[in-house]
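# Descriptive structure summary
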Amino acid sequence: MKNYISPTTNESLVRLLVPTSGLLASVYFLLSASYLLSLSSLLISVVFFWKSKHNLILLNTKYPPSKTNFHNCKNAAIIYGWHTVSEIDMVKLEFETNASLSSWGELITVLFTSSGILVNSRPSPLRRPSLITMGRNKNNLQKLIATLEDNTHSLPD
């Protein structure tokens, strides 16, 4: 079963309003006998809804929640220039990346649970709504996991 992170209010609104407006446009185009426009509007609405839900999936890193891994995640933020948004000791870390030409920035969430360390990178809900990040979410997760792999045995608990 997939774990999902709770969406913010902004994410929930965008996730609801954009597909709804697409469905309304699809109905309008259908009534206007513009079947191709109706179908394309419907497909865009479905893809937008699916992608916005997909952005909320938590990835289980299979690493144990320890003080060492908590500090390693904080070190990854320093190494890659991510800004700390929130920090709850041994529970949750949130980092935000800088904006670039390919995205407005991403929000990286690290949760320390009894089942392991769960991570998520998604377009930052603290900035403009966005659906795609040109692969930056995947890169952020790879950087974080690589830092955990490199430093798994570096510090005692």
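Up top is the structure.
Reference entry: report on the structure contained in this document. (Residues numbered from 1 in each chain as written. Predicted model: local features only at pLDDT ≥ 70, side-chain atom pairs only at ≥ 80, totals over all residues. Heavy atoms only, no water.)

We now examine helix H4 (residues 136–150). In a regular helix each residue adds 1.5 Å, so 15 residues correspond to 21 Å; H4 covers 21 Å between its end C-alpha atoms and thus fits that length. Summarising the contacts, the buried residues of H4 are in contact with strand E2 (57–60), helix H3 (67–80), strand E5 (106–113) and strand E6 (116–123). (Helix = DSSP H or I, 4+ residues; strand = E, 2+ residues; numbered from the N terminus. Expected span 1.5 Å × (residues − 1). Contact = heavy atoms within 4.5 Å.)

What follows concerns the sheet that holds E6. Spatially, E1-E2-E6-E5-E4-E3 is the arrangement adopted by the six strands of the open sheet, whose pairing is antiparallel. Edge positions in the open sheet fall to strand E1 (3–4) and strand E3 (83–88), since each of these has one partner strand only. Across eight bridges, E5 lies against E6 in antiparallel orientation. Bridging across to E6, Ile108 finds its partner in Ser121. With respect to the sheet, H3 is in contact with E3, strand E4 (92–96), E5 and E6, its orientation differing from that of E4 by roughly 10 degrees. (Pairing = 2+ DSSP bridges. Axes fitted to C-alpha atoms, helices over the stretch in contact; angles between N-to-C directions.)

Once that is clear, we can look at a nonpolar patch on the surface. A cluster of nonpolar side chains, contributed by Leu23, Leu39, Leu42, Leu43 and Val46, occupies part of the molecular surface with about 430 Å² of accessible area. By residue number, the principal contributor to the nonpolar patch is helix H2 (residues 35–54), which donates four residues. Among the structural elements, Leu39 can be located in helix H2. (Patch = residues over 30% accessible without salt bridge, like charges linked within 9 Å, V, L, I, M, F, W, Y side chains within 5 Å. Areas by Shrake-Rupley, 256 points an atom, 1.4 Å probe, with all protein chains shown as cover. Salt bridge = Lys/Arg side-chain N within 4 Å of Asp/Glu carboxyl O.)

Before going further, it helps to spend a moment on the side chain of Arg15. Within the element layout of this structure, Arg15 appears in helix H1 (residues 9–31). As a buried residue without a salt bridge, Arg15 has its nearest oppositely charged side chain in Glu11, at a separation of 8.4 Å. The contacts of Arg15, once residues within four sequence positions are left out, are Phe48, Phe49, Ser52 and Lys53. (Buried < 20%, exposed > 50% of the residue type's maximum accessible area, 1.4 Å probe, protein only. Lys, Arg positive; Asp, Glu negative; His and termini not counted.)

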